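Structural description and commentary
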Amino acid sequence: MTEARVFKIENRLTKAISLPGGKTIAEALRGADERIASVRDDCLASLLAKSARLQQLVELGKREADQTAAAGIYTTANEVFGIASAFEMAELAEAAYGLCDLVDDTRTRGAVNWPAIGVHIDAIRFLGSQVGAEDSATRRTIVAGLRAVQARFAGDA
Amino acid sequence: MAASPFMSNERINLSNAGVLLLDSHAEGLELLVQMFAGFGMHTPHRCTTAAEAQGVVRDRELNLVVVDTAITDMDGYEFVKWLRLSGGAPNRYAPVILLAGHTKASQVARGRDCGANLVVRKPVPPLVMMQRIIWASKESRSFVEAPNYCGPDRRFRAMGPPVGTKGRRHDDLSVEIGEAKTPNLDQDDIDAMFKPKKAAG
């Protein structure tokens with residue numbers, strides 16, 4: 001068996017961030033919050049395009065049982081989760097995460113449940129169109145419904 | 001509002017640090033770029049593919065690498081593995097923060113085993129990213145090079161070699177404990193090891 005080599009290294013990040021100047025951490029955090037807020041609208045606008053892409057992919061998947069459609073849905077749902085969670089859209093983030101779970105399970109089992117995926121995508125399209133809307137009760141009800149679908153799907157395994 | 005874990009006068013200078021940001025998702029990359037710009041960084045190396053990022057690793061000196069796990073042409077775990085094995089010094093030793101969206105437990109282990117310093121689940125608000133940068137800057141673990149692993153020492157607790165193996169390090173000891181060959185230390189001897197006193201005379 002080859003022996004592992006264990007050695008100390010210089011942490012060049014320590015040196016770089018300790019140079020004189022820069023910002024206090026409070027200033028840096030404030031600056032980051034402001035910069036992120038400045039791209040919020042663009043990011044949220046992209047959710048509509050991603051929802052439309054999910055719809056195209058699920059239609060393709062239902063029609064042709066296409067595995068690349070499942071992979072595309074996973075990637076796009078992961079992107080939706082990234083944006084929704086960054087901007088504290090809790091219900092949309094949960095729906096997108098649940099869709100990732102569903103597709104991931106599907107890949108493992110080798111049998112895609114297109115109807116369950118379709119229900120999630122319908123929910124994501126609705127939740128994505130609710131940016132800034134006050135009606136959180138409806139959103140929570142939708143997410144509760146998705147959890148029931150996931151539980152049912154897990155029970156079928 | 002939660003209390004800040006940082007001291008009010010604590011400073012960070014990222015203005016000229018070499019930071020690679022790799023994310024294939026356009027909006028995800030933009031969020032990272034804006035966050036680091038807010039932190040005071042002037043020009044991060046922004047990449048949307050692993051191939052592009054490999055070019056940066058070859059051409060620039062990096063102090064920090066931030067990688068999303070979902071990269072289109074090579075997943076983030078594979079990219080970090082490549083960096084550790086083939087990235088060339090000094091960049092192969094740079095701290096790596098791996099960002100994961102949808103995460104399963106098996107993928108967290110993959111993050112640790114590919115050679116990343118830290119794996120962070122999304123969402124990653126600025127406070128969390130800042131903490132991880134500070135942690136990465138205080139990283140004191142040794143670096144390990146073995147045929148199947150290259151990266152920070154995963155044995156950060158002194159628990160010996162993995163269960164069921166003899167260990168591959170020259171200082172790995174057997175799990176079997178033999179008979180004592182010398183008398184036990186008394187408490188004064190033990191205290192002296194922790195609090196040495198000046199020798200008289």
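Residues numbered from 1 in each chain as written. Chains lettered and ligands numbered in written order. Predicted model: local features only at pLDDT ≥ 70, side-chain atom pairs only at ≥ 80, totals over all residues. Heavy atoms only, no water.

Some points on the sheet that holds strand 6 (residues 118-121) of chain B
All names here are of chain B. Taken together, the five strands give an open sheet; going across it, the order is 3-2-4-5-6, and neighbouring strands pair in parallel fashion. Looking at which strands have only one partner, the edges of the open sheet turn out to be strand 3 (45-47) and strand 6. On average, each strand axis in the sheet is tilted by 15 degrees relative to the strand beside it, whichever way the strands run. Pairing analysis gives four bridges linking strand 2 (residues 19-22) to strand 4 (residues 64-68), with the strands arranged parallel. (Pairing = 2+ DSSP bridges. Helix = DSSP H or I, 4+ residues; strand = E, 2+ residues; numbered from the N terminus. Axes fitted to C-alpha atoms, helices over the stretch in contact; angles between N-to-C directions.)

Concerning the pairing of strand 5 (residues 96-100) of chain B
Put simply, side chains in a regular strand alternate between the two faces of the sheet. All names here are of chain B. For strand 5, a buried count of five out of five residues is recorded, marking the element as mostly surrounded by other parts of the structure. Of the two faces of strand 5, the one carrying V96, L98 and A100 and the one carrying I97 and L99 are both buried. Summarising the sheet, strand 4 and strand 5 pair through four bridges and their orientation is parallel. Its bridge partner being in strand 5, D68 is matched across the sheet by L99. The pairing of strand 5 with strand 6 spans four bridges and is parallel. Across the sheet, residue L98 finds its bridge partner in strand 6, namely V119. (Buried < 20%, exposed > 50% of the residue type's maximum accessible area, 1.4 Å probe, protein only.)

Some words on the environment of A:V58
All names here are of chain A. Note on placement: V58 falls in helix 3 (residues 40-64). For V58, a relative accessible area of 2% puts it in the buried group. Residues V58 and I83, 25 residues apart in the sequence, show an inter-C-alpha distance of 21 Å.

So, the pattern of salt bridges
Inspection of every chain in the model, using the stated rule, returns 15 salt bridges over all chains. B:E139 is paired through a salt bridge with B:R141; the nearest N and O atoms lie 2.9 Å apart. By relative accessible area, which is 23% here, B:R141 ends up partly exposed. Three or more residues are tied together by salt bridges with common partners; here these are A:R5, B:R92 and B:E145. (Salt bridge = Lys/Arg side-chain N within 4 Å of Asp/Glu carboxyl O.)

A closer look at the sheet that holds strand 1 (residues 5-7) of chain A
For sheets, the rule is that strands pair by backbone hydrogen bonds, running either parallel or antiparallel. Pairing in this open sheet of three strands is antiparallel, and the strands run 1(A)-7(B)-8(B) from one edge to the other. Edge positions in the sheet fall to strand 1 of chain A together with strand 8 (149-152) of chain B, since each of these pairs with one other strand and no more. Put simply, the sheet's adjacent strands are angled 10 degrees from each other on average, direction ignored. As paired elements, strand 1 of chain A and strand 7 (residues 143-146) of chain B share three bridges and run antiparallel to each other. Among the inter-strand pairings, A:R5 is bridged to a residue of strand 7 of chain B, identified as B:E145.

So, the interface of chain A and chain B
Counting residues at the interface gives 49 residues for chain A, matched by 55 residues for chain B. Taking both sides of the interface into account, the surface hidden between chain A and chain B amounts to around 4600 Å²; carbon and sulfur atoms contribute 60%. Our enumeration of links across chain A and chain B arrives at three salt bridges. Joining chain A to chain B, the criterion identifies 24 residue pairs in polar contact (both at pLDDT 80 or more). Elements supplying a minimum of two residues to the side of chain A that touches chain B: strand 1, helix 1 (12-17), strand 2 (23-24), helix 2 (25-38), helix 3, helix 4 (67-86) and helix 5 (90-109) of chain A. Grouping the amino acids of the side of chain A that touches chain B by side-chain chemistry returns 24 nonpolar, twelve polar and 13 charged. (Contact = heavy atoms within 4.5 Å. Buried area = accessible area lost by both parts, 1.4 Å probe. Polar contact = N/O pair within 3.5 Å; in protein donor to acceptor, adjacent residues only side chain to side chain. Nonpolar A, V, L, I, M, F, W, Y, C, P; charged D, E, K, R; others polar.)

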